[in-house]
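# Inside the fold
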Amino acid sequence: MKRKRILFVCTGNSARSQMAQAIVNKDYSDQFEAFSAGSHPKAIDQRTFNTLESRGYPTQNIQPKSIELFQEQEFDYLITLCTAARGECTSVPGISETLSWDISQPKLVAMNDTFEPTFEELKKRIHLFSILQSAPLEDQFDAMQFHKSLGEKTRLMITSLLHIEEELSVGELSEALQEVQPKVSRALAQLKEMKLVQDRRQGVWMFYSIANDLPQWARSILDQTVMAKHIQLKSALLLLNTTSRPQIDHSKKVEK
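Nothing here was measured: the structure is a model prediction, and the numbers come from that model.

The rules behind these values
- Residues numbered from 1 in each chain as written.
- Predicted model: local features only at pLDDT ≥ 70, side-chain atom pairs only at ≥ 80, totals over all residues.
- Heavy atoms only, no water.
- Helix = DSSP H or I, 4+ residues; strand = E, 2+ residues; numbered from the N terminus.
- Buried < 20%, exposed > 50% of the residue type's maximum accessible area, 1.4 Å probe, protein only.
- Contact = heavy atoms within 4.5 Å.
- Phe/Tyr/Trp six-rings, centres within 6.5 Å; stacked < 30°, edge-to-face > 60°.
- Lys NZ or Arg CZ within 6 Å of the ring centre and 35° of its normal.
- Core = buried A, V, L, I, M, F, W, Y, C linked by side-chain atoms within 4.5 Å.
- Pairing = 2+ DSSP bridges.
- Axes fitted to C-alpha atoms, helices over the stretch in contact; angles between N-to-C directions.
- Right-handed = clockwise from strand over helix to strand, strands pointing away.
- Expected span 1.5 Å × (residues − 1).
- Salt bridge = Lys/Arg side-chain N within 4 Å of Asp/Glu carboxyl O.

### Some words on the environment of leucine 177
- By secondary structure assignment, the location of leucine 177 is in helix H9 (residues 170–177).
- Assessed through its relative accessible area of 16%, leucine 177 is described here as buried.
- Residues leucine 177 and alanine 236, 59 residues apart in the sequence, show an inter-C-alpha distance of 5.9 Å.
- Beyond its immediate sequence surroundings of up to four residues, leucine 177 is in contact with Thr154, Met157, Ile158 and Leu161.

### Topic: the packing of aromatic side chains
- For the structure on display, the rule yields nine aromatic pairs.
- Ring geometry for phenylalanine 70 and phenylalanine 75: centres 5.9 Å apart, planes at 70°, overall edge-to-face.
- The buried category is assigned to phenylalanine 75, whose relative accessible area is 2%.
- Considering the side-chain rings of tyrosine 77 and phenylalanine 129, the 5.1 Å spacing of their centres and the 85° angle between planes classify their relative orientation as edge-to-face. Of the two residues, tyrosine 77 sits in strand E3 (residues 75–80) while phenylalanine 129 sits in helix H5 (residues 116–133), which places them 52 residues apart along the sequence.
- Phenylalanine 129 sits in the buried class, given a relative accessible area of 7%.
- Within the aromatic cluster, the residues linked to one another by ring pairs are Phe8, Phe32, Tyr77, Trp101 and Phe129.
- Across the ring face of phenylalanine 75, the terminal group of arginine 5 is positioned such that the distance to the ring centre comes to 4.5 Å.

### Here we look at the nonpolar core
- Grouped together as the largest cluster of nonpolar side chains are 30 residues, with contacts concentrated most on Ile158, Leu161, Leu162, Leu188 and Leu196.
- When residues of this core are traced back to their parent elements, those giving at least two are helix H8 (153–165), H9, helix H10 (181–193), strand E7 (205–210), helix H11 (216–228) and helix H12 (230–240).
- Tallying contributions element by element places H8 first for this core, with five residues.
- If we skip the residues at most four places from it in the chain, isoleucine 158 touches Leu173, Leu177, Val184, Ala187, Leu188 and Leu191.

### Digging into the sheet that holds strand E4 (residues 95–100)
- Here we have four strands laid out as an open sheet, ordered E2-E1-E3-E4, and parallel in their pairing. A single partner strand is all that each edge strand has here, and the edge strands are strand E2 (32–38) and E4. Neighbouring strand axes in the sheet, compared pairwise and without regard to direction, differ in orientation by 20° on average.
- Sheet strands in contact with helix H1 (residues 16–27) are strand E1 (4–10) and E2, and its direction is about 170° off that of E2.

### Section: the side chain of threonine 48
- The topology assignment puts threonine 48 in helix H2 (residues 46–54).
- Residues contacting threonine 48, with those up to four places away along its chain left out, are Ser14, Ala15, Gln18, Met19 and Phe115.

### As for the pairing of E1
- Taken across its seven residues, E1 has five buried, putting it largely inside the fold.
- Strand direction decides the pairing type here: E1 and E2, joined by seven bridges, are parallel. Residue pairing for E2: phenylalanine 8 is matched across the bridge by serine 36.
- Between E1 and its parallel partner E2, the chain crosses via H1, and the hand of that crossover is right-handed.
- The pairing of E1 with E3 spans four bridges and is parallel. Its bridge partner being in E3, leucine 7 is matched across the sheet by leucine 78.

### As for H1
- The end-to-end C-alpha distance of H1, which contains 12 residues, comes to 16 Å, matching closely the 16 Å that a straight helix rising 1.5 Å per residue would cover.
- Turning to H1, the residues buried within the fold contact E1, E2, H2, helix H4 (106–109) and H5.

### Points about the pattern of salt bridges
- In the structure shown here, the tally under the stated rule is nine salt bridges.
- Across the pair glutamate 33 and arginine 3 runs a salt bridge whose closest N-O atoms are separated by 4.0 Å. Remark: arginine 3 occurs in the segment before E1 and glutamate 33 occurs in strand E2; sequence separation between them is 30 residues.
- Here glutamate 33 falls in the partly exposed class, since its relative accessible area comes to 26%.
- Arginine 3 sits in the partly exposed class, given a relative accessible area of 35%.
- Here glutamate 116 makes a salt bridge to arginine 55, at a shortest N to O gap of 2.4 Å. A residue pair is termed long-range when its members are at least 10 positions apart, and glutamate 116 in helix H5 and arginine 55 in the loop between H2 and E3 qualify at 61 residues.
- You can call glutamate 116 partly exposed: its relative accessible area is 21%.

Next comes the structure, spelled out in structure tokens:
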């Protein structure tokens, strides 16, 4: 995955932007590549070094840099860390998105010869930013497709039965729903395409189950669906359990 580039900017590039760069490049290097600059750079405050070194962050390459150094480069994000920098950096070229974080001046909240409070504030903001910018599975899953899959009776009943029973074959589902096997197979194929259902083979049998990576919010909806359809599902389960069912070796199931 290509890392997104971030340019942190504050007026002096002496504390806030340097710490933000260090945090991202050490803790979030799989997602981002960070740089820092100042609109009017000045010498690095010693408390910046003290703070980073006390927390185990490298400081050997830290030096003040002017934002002009990055004028010809492209960044996914430019994040200003003070009001003054926000006003001076609105027209920087090559920036896809500009964000403004109003972080208090480190010297106003410094303690024990470090900028610990500012470091912690930056660490929290960066963590939240990384969550928002990442693409967790819950966001990747198509909610519209999920609801669409539950909008047809056979698919709804199959999904509900699999949610209850964990694994079922086409034959079992056909018997429980009193539907012909081709219709059940088509519905299962659609559910698999929608990434709601997965399958596995055991001998001559093919078993179906709810996809391991189905988001928790979707599983919660299935819980509510089972409660809402409990009368129909109870009847289906009675039909299912009066038939001769294949022996399932659960030890070979895909881990959830």
